[in-house]
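# Observations on the model geometry
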Amino acid sequence: MSEKENILSGDPGFNYEEKAPDIDSKEFQKVIDSRRSVRIFDGTPIPDDVVRRCLENGLLAPNSSNLQPWEFYLVKDAAKKKELVRACFSQVAAKRAAELIVAVARTATWRAHAREMFNLFSKLGPGVPKSVLDYYGRLVPLAYAQGPLGILGLVKRVVYFIVGMSRPTLREPVTRAHLRTWAVKTTALAAENIMLSFRAYGFDTCPMEGYDSKRIRKILGLQRDAVVVMVIAAGKRTRGGIYGPRIRYDSNRFIKTV
Ligand SMILES: Cc1cc2nc3c(=O)[nH]c(=O)nc-3n(C[C@H](O)[C@H](O)[C@H](O)COP(=O)(O)O)c2cc1C
């Protein structure tokens, strides 16, 4: 495969440009610094357009191969909301939230989404590099499929092991657990986009994983492949809603230059 034909190592030859706008980095830093996990909200409703904007911003997060393996459930139905609060062990953040959003990762939508990407690019006509069509038409289906009982994944694991002895090789996903990690990774990035967006629009959030996932699956009628990634409580902070100053360990423990 030549450099040009390989979408990963070569420039596929697109002649597209998006100019980077000027950003007020101080304002951005304020959003990062002031995002705290807020557990008690003051009851102020969040305007629908703000909620929608924040959710849409979630969908702008980077995501693996643009396969968008996520779903976000804004729970408005009063009965469902009550059940969801209970499934979150009646955490105060859930009880006092103006809005509750469930972030869900899907491990079974990638095939349809890859097909959609393929069709989208196919429709653009002859200008689309072959490597792009190959990526969504051939490579993605091969890379993500695990086959019945995970047998294809097992075969791939052996092949990757052998090929990997002589050159850098893809190693995952070769199990359903890898596929779950894959989808959760991307969904968590979107969740962060959502939380930062609420902050930027003057509201606050608390991500929660203290919940009964089985009950949440039932409340939302989720498909078998769905993974509940987190529940996001959103609202306006009130005094006492942040439990204390932010604690982080020395950054040199975690940021390493090698
Ligand atoms: C995936 C995840 C799950 C969390 N689950 C809960 C939770 O169930 N309940 C809660 O009160 N806080 C929860 N938190 C919030 C963390 O406790 C909080 O982010 C952490 O203490 C750091 O504080 P900060 O967010 O204010 O910087 C969760 C955070 C994340 C990222």
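Quick look at the nonpolar core now. A general tendency of soluble globular proteins is for nonpolar side chains to be buried together. Counting 39 residues, the largest nonpolar core has Y136 and F198 as its most contacted members. For this core, the secondary-structure elements that each account for two or more residues are α2 (48–58), β1 (70–74), β2 (99–106), α5 (110–123), α6 (130–144), α8 (176–200) and β4 (226–235). With 8 residues, α8 is the single largest residue contributor to this core. Residue assignment places this core across two domains, with domain 1 (37–108 + 176–239) and domain 2 (111–164) each supplying three or more. Non-local contacts of F198, meaning those with residues more than four positions away in its chain, are made with I46, V51, C54, I101, F203, T205 and A234.

Attention shifts here to the sheet that holds strand β3 (residues 204–208). Strand order in this open sheet of 4 strands is β1-β2-β4-β3, and the pairing throughout is antiparallel. What marks the edges here is a single partner per strand, and that holds for β1 and β3. Neighbour-to-neighbour, the strand axes of the sheet open up by a mean angle of 25°, direction not taken into account. Bridge count for β3 against β4 is 5 bridges, and the pairing is antiparallel. The partner of T205 across the bridge, within β4, is A234. Its contacts with the sheet place helix α9 (residues 213–220) against β1, β2 and β4, and it is angled at close to 85° to β4.

Our focus in this paragraph is the site of the ligand. Residues in contact with the ligand, as listed here, are R35, R36, S37, R39, Q91, C206, P207, M208, E209, G210, R246 and R248. Measuring from an oxygen atom of the ligand, one finds a side-chain N or O atom of R248 at 2.9 Å. Protein coverage of the free-state accessible area of the ligand, which is 610 Å², stands at 67%. Each residue belonging to the shell around the ligand can be placed in one class, and the counts come to 3 nonpolar, 3 polar and 6 charged.

Looking at the protein, the domain boundaries give domain 1 (37–108 + 176–239) and domain 2 (111–164). Contact residues are listed per partner, giving 8 residues for domain 1 and 11 residues for domain 2. Buried surface at the junction of domain 1 and domain 2, summed over both partners, amounts to about 800 Å²; 54% is from carbon and sulfur atoms. Together, S65, L67 and R176 form the three largest contributors to the area buried by domain 1 at its contact with domain 2, with a combined 58%. On the surface where domain 1 and domain 2 come into contact, there are 0 salt bridges. The tally of links between domain 1 and domain 2 comes to 8 residue pairs in polar contact (both at pLDDT 80 or more). For the side of domain 1 that touches domain 2, the per-class residue count stands at 3 nonpolar, 4 polar and 1 charged.

Side chains carrying opposite charge are able to pair once their charged atoms draw close together. Enumeration according to the criterion identifies 11 salt bridges in this entry. Note that E27 and K30 form a salt bridge whose closest N and O atoms lie 3.0 Å from each other. Taken together, the residues E27 and K30, both in helix α1 (residues 25–34) and 3 residues apart, mark about one turn of the helix. Where D204 meets R237, a salt bridge forms, and the shortest distance between an N and an O atom there is 2.7 Å. Highlighted residues: D204 in strand β3 and R237 in the segment after β4, separated in sequence by 33 residues. Through salt bridges with shared partners, a single ionic network connects E71, R106 and D225.

For the structure shown, the criterion picks out 6 aromatic pairs. Taken together, a centroid distance of 5.1 Å and an interplanar angle of 85° make the contact between Y135 and Y136 edge-to-face. When the centroid spacing of 4.8 Å and the interplanar angle of 55° are considered together, the rings of Y144 and W182 count as tilted. Remark: W182 occurs in helix α8 and Y144 occurs in helix α6; sequence separation between them is 38 residues. According to the relative accessible area criterion, Y144 is buried, its value standing at 7%. Connected via pairs of aromatic rings, a cluster forms that spans W110, Y144 and W182. Sitting above the plane of the F203 ring, K236 keeps its charged end 4.6 Å from the centroid.

A surface patch of nonpolar side chains, about 410 Å² in accessible area, is lined by L149, I151, V155 and V159. By the element assignment, I151 lies in helix α7 (residues 151–164).

The rules behind each value
Residues numbered from 1 in each chain as written. Predicted model: local features only at pLDDT ≥ 70, side-chain atom pairs only at ≥ 80, totals over all residues. Heavy atoms only, no water. Core = buried A, V, L, I, M, F, W, Y, C linked by side-chain atoms within 4.5 Å. Buried < 20%, exposed > 50% of the residue type's maximum accessible area, 1.4 Å probe, protein only. Helix = DSSP H or I, 4+ residues; strand = E, 2+ residues; numbered from the N terminus. Domains from an automatic or database assignment. Contact = heavy atoms within 4.5 Å. Pairing = 2+ DSSP bridges. Axes fitted to C-alpha atoms, helices over the stretch in contact; angles between N-to-C directions. Near = heavy atom within 4 Å. Polar contact = N/O pair within 3.5 Å; in protein donor to acceptor, adjacent residues only side chain to side chain. Areas by Shrake-Rupley, 256 points an atom, 1.4 Å probe, with all protein chains shown as cover. Nonpolar A, V, L, I, M, F, W, Y, C, P; charged D, E, K, R; others polar. Buried area = accessible area lost by both parts, 1.4 Å probe. Salt bridge = Lys/Arg side-chain N within 4 Å of Asp/Glu carboxyl O. Phe/Tyr/Trp six-rings, centres within 6.5 Å; stacked < 30°, edge-to-face > 60°. Lys NZ or Arg CZ within 6 Å of the ring centre and 35° of its normal. Patch = residues over 30% accessible without salt bridge, like charges linked within 9 Å, V, L, I, M, F, W, Y side chains within 5 Å.

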